[in-house]
Amino acid sequence: MSDRLRIVVVGAGGMGRAWLTAVEASADTDLVAVADLDLDVARTAAGAVGRPDLPVGTDAVALAAQTGAHAVVNVTVPAAHHPVATAALFAGLPVLGEKPVADTVAKALSLAAASQVTGQLFMVSQSRRWNPQLFALRDMVEDLGAIGTLTTEFFRAPHFGGFREEMAHPLLVDMAIHAFDSARFLLGAEPVSVYCEAYNPPWSWYDGAAAASAVFAMEGGIRYAYTGSWCSPGADTSWNGAWRVSGEKGTALWDGDHEPGLHADVDAAARPRSPHSGIDGALHVFVDALRTGAVPMGEVHENVLSLAMVEAAVRSAETGERVLLDDVLADAHAEALRDETCPEVRDALAAWPSVREVLTTRPAAH
Ligand SMILES: NC(=O)c1ccc[n+]([C@@H]2O[C@H](COP(=O)([O-])OP(=O)(O)OC[C@H]3O[C@@H](n4cnc5c(N)ncnc54)[C@H](O)[C@@H]3O)[C@@H](O)[C@H]2O)c1
């Protein structure tokens, strides 16, 4: 594929507008249509990127057929991720989707199977992973030898209004997924279990649990400790959180906004810096993957365990028990098999030998 990738963006809300700007600005892509259930929202967003001429509609697949699009960028609300992405994949369209992959792990598994059945790439853009400073911190992790502990502190006091102030677990579901995903990336280790407490400080302006502390056991016995609050006025951490990696040979620190620092008596290996940043970086990698057939970071199978960490943390907070990730995956698989309406996807799910194995075995090409 040598031509520019023709893209329909579906979901033209706050984040959709950021994606419209990215797709419009990229030398790799042509923005050919905007879909949203609210046509006025779609028209206004198209105008805001200087493209009031763009076709708009409520159905991304119909718009793609009408405009000869090659791919869909899905920036709808989490509950719409599964139906919108499934329809696109079965129409032969690869999908680049906003996090979370879906609103439940069960639906995320259905999407991974749909990607297998259709042979179409589904990549999840977990935008905070695409950060050259995080890549530099990962390089430092390699210099530290065996890792004992990884910590993230996240403390801010945003007043969002709207759905986040009404959710049962706004911090864990809407925000902590970024940190959990980055932890997997930094450690190159997958989660095994979690104990989590989620609570709402008395002065909180959220209905649900605006604060949480979670301790994950990761593969290799590493502990990942996340503690955060969305109602913590003063001395804000970065939106990326503040990070500490404690290893055999020393420590690495990252404040989330500046270059990370290595505090260890080691000869740090010189490595090339990642050129990719934010959603522009994710878009570039997606286009490149379609051109080369390479499996990109964020390919759906690889992303699902980040959402599983959220679901496991919420389950632990609600039951007071330590939760095994494999139990969350097994329950999600059973739910996906029970609820799947597409026979081909159901057959693919039923053929999986083990959910964890399918999610963590990286295909050579897509
Ligand atoms: N990576 C980040 O930092 C980041 C930041 C904000 C939001 N997000 C993610 O981006 C996504 C969108 O969030 P947002 O804040 O823009 O939400 P939003 O509510 O502002 O916009 C979502 C839009 O999707 C439309 N929509 C819903 N269902 C649809 C469907 N079936 N077909 C077509 N359009 C549909 C809605 O009409 C709405 O205009 C979410 O998944 C959210 O988690 C990511």
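Located above this text is the structure these notes cover.
Residues numbered from 1 in each chain as written. Predicted model: local features only at pLDDT ≥ 70, side-chain atom pairs only at ≥ 80, totals over all residues. Heavy atoms only, no water.

Caption draft 1: Spotlight on the overall build of the chain. Counting secondary structure elements, the chain contains 12 helices and 14 strands. For the chain, whose C-alpha radius of gyration is 20 Å, the value lies close to the compact-globule estimate of 21 Å for 366 residues. Put simply, 71% of the contacts in the chain that link residues at least 6 apart link residues at least 24 apart. Here the chain displays about 14900 Å² of accessible surface, and carbon together with sulfur accounts for 52% of that area. (Helix = DSSP H or I, 4+ residues; strand = E, 2+ residues; numbered from the N terminus. Rg over C-alpha atoms; globule rule 2.2 N^0.38 Å. Contact = heavy atoms within 4.5 Å. Areas by Shrake-Rupley, 256 points an atom, 1.4 Å probe, with all protein chains shown as cover.)

Caption draft 2: The side chain of Asn303, seen in detail. The topology assignment puts Asn303 in helix H9 (residues 300–319). Excluding residues within four positions of it along the chain, Asn303 makes contact with Val101, Val124, Gln126, Asp181, Arg184 and Gly298.

Caption draft 3: Highlighting the packing of aromatic side chains. A full pass over the atoms with the stated rule returns 12 aromatic pairs. Relative to Tyr226, the ring of Phe180 has its centre 5.4 Å away and its plane inclined at 80°; by these criteria the two rings are edge-to-face. Placement of Phe180 in helix H7 (residues 170–187) and of Tyr226 in strand E10 (residues 223–229) is noted, with a sequence separation of 46 residues between them. Of the two residues examined, Phe180 and Tyr226, each falls in the buried class. Summarising the aromatic geometry, the rings of Tyr224 and Trp243 are spaced 6.1 Å apart at their centres and angled 10° between planes, so their arrangement reads as stacked. Of this pair, Tyr224 sits in strand E10 while Trp243 sits in strand E11 (residues 242–247), placing them 19 residues apart in sequence. Both residues of the pair, Tyr224 and Trp243, belong to the buried class. Linked through ring pairs, Phe154, Phe160, Trp205, Tyr206, Trp230 and Trp239 together constitute an aromatic cluster. One residue, Arg164, lies across the ring of Phe160, its end atom 4.7 Å from the ring centre. (Phe/Tyr/Trp six-rings, centres within 6.5 Å; stacked < 30°, edge-to-face > 60°. Buried < 20%, exposed > 50% of the residue type's maximum accessible area, 1.4 Å probe, protein only. Lys NZ or Arg CZ within 6 Å of the ring centre and 35° of its normal.)

Caption draft 4: How the structure looks around helix H2 (residues 39–48). Buried within H2 we find Ala42, Ala45 and Ala46. Down the axis of H2, the sector holding all buried residues measures 100°, keeping them to one side. For H2, exposure combined with an orientation more than 90 degrees from the buried face picks out Asp40 and Ala48. Looking at the packing, one finds that the buried side of H2 touches helix H1 (14–25), strand E2 (29–35) and strand E3 (56–57). Between the side-chain oxygen at the start of H2 and the backbone nitrogen of Asp40 there is a gap of 3.0 Å, and the oxygen is on Asp38. Following H2 by one or two positions, Gly50 has its phi on the positive side, about 75°. (Arc of directions from axis to C-beta. Polar contact = N/O pair within 3.5 Å; in protein donor to acceptor, adjacent residues only side chain to side chain.)

Caption draft 5: Structural view of the sheet that holds strand E7 (residues 147–155). Ordered in space as E13-E12-E11-E7-E10-E9-E8-E14, the eight strands form an open sheet in which the pairing is mixed. On the outer flanks of this sheet lie strand E13 (261–264) and strand E14 (323–324), each paired with one strand and no other. Relative to E14, strand E8 (residues 191–199) runs antiparallel, the two sharing two bridges. Counted as the bridge partner of Val194 is Val323 from E14. In the packing of H9 onto the sheet, contacts are made with E8, strand E9 (211–218), E10 and E14, and the angle to E8 comes to roughly 50°. (Pairing = 2+ DSSP bridges. Axes fitted to C-alpha atoms, helices over the stretch in contact; angles between N-to-C directions.)

Caption draft 6: Just the layout of surface pockets, in detail. Considered as a void within the structure, the largest pocket measures approximately 1200 Å³ in volume. Lining of the largest pocket is provided by 47 residues; of these, Thr76, Val77, Pro78, His81 and Lys99 occupy positions nearest its centre. Breaking the lining of the largest pocket down by element, the ones donating at least two residues are H1, helix H3 (60–67), helix H4 (78–90), H7 and H9. Looking at the lining of the largest pocket, the element that brings in the most residues is H4, giving eight residues. When its residues are assigned to classes, the lining of the largest pocket shows 29 nonpolar, nine polar and nine charged. The residues that make up the lining of the largest pocket include at least three from each of domain 1 (5–128 + 277–300 + 324–360) and domain 2 (131–263). At the level of secondary structure, the elements contributing two or more residues to the lining of the second largest pocket comprise H7 and helix H12 (355–360). Here the residues of the lining of the second largest pocket sort into four nonpolar, two polar and six charged. (1 Å grid on protein atoms, 1.4 Å probe; cavity = no way out; pocket = protein on both sides within 12 Å on 5 of 7 lines; lining within 4 Å. Points joined across faces, edges and corners; volume = space filled by probe spheres on them. Nonpolar A, V, L, I, M, F, W, Y, C, P; charged D, E, K, R; others polar. Domains from an automatic or database assignment.)

Caption draft 7: Here's a closer look at the sheet that holds strand E6 (residues 122–125). Read across the sheet, six strands follow the order E3-E2-E1-E4-E5-E6 without closing on themselves; strand pairing throughout is parallel. Only two strands of the sheet have a single neighbouring strand rather than two, namely E3 and E6. Pairing analysis gives six bridges linking strand E1 (residues 5–10) to E2, with the strands arranged parallel. Within E2, the position partnered with Val10 by the bridge is Ala35. Packing of H4 onto the sheet brings it into contact with E1, strand E4 (71–74), strand E5 (95–98) and E6, and relative to E4 it is tilted by some 175°.

Caption draft 8: Seen up close, the packing of H1 against helix H8 (residues 278–292). It is at 10 Å that the axes of H1 and H8 come closest, and there the two elements cross at 55°. Taken together, the axes of H1 and H8 are oblique relative to one another. Crossing handedness for the pair H1 and H8: right-handed. Note on element contacts: H8 touches H1 through Ile279, Asp280, Ala282 and Leu283, opposite Met15, Ala18, Trp19, Ala22 and Val23. Broken down by class, the residue content of the contact of H1 with H8 amounts to eight nonpolar, no polar and one charged. (Parallel < 35°, antiparallel > 145°, perpendicular 65-115°, else oblique. Left-handed = near helix turned anticlockwise from the far one by under 90°.)

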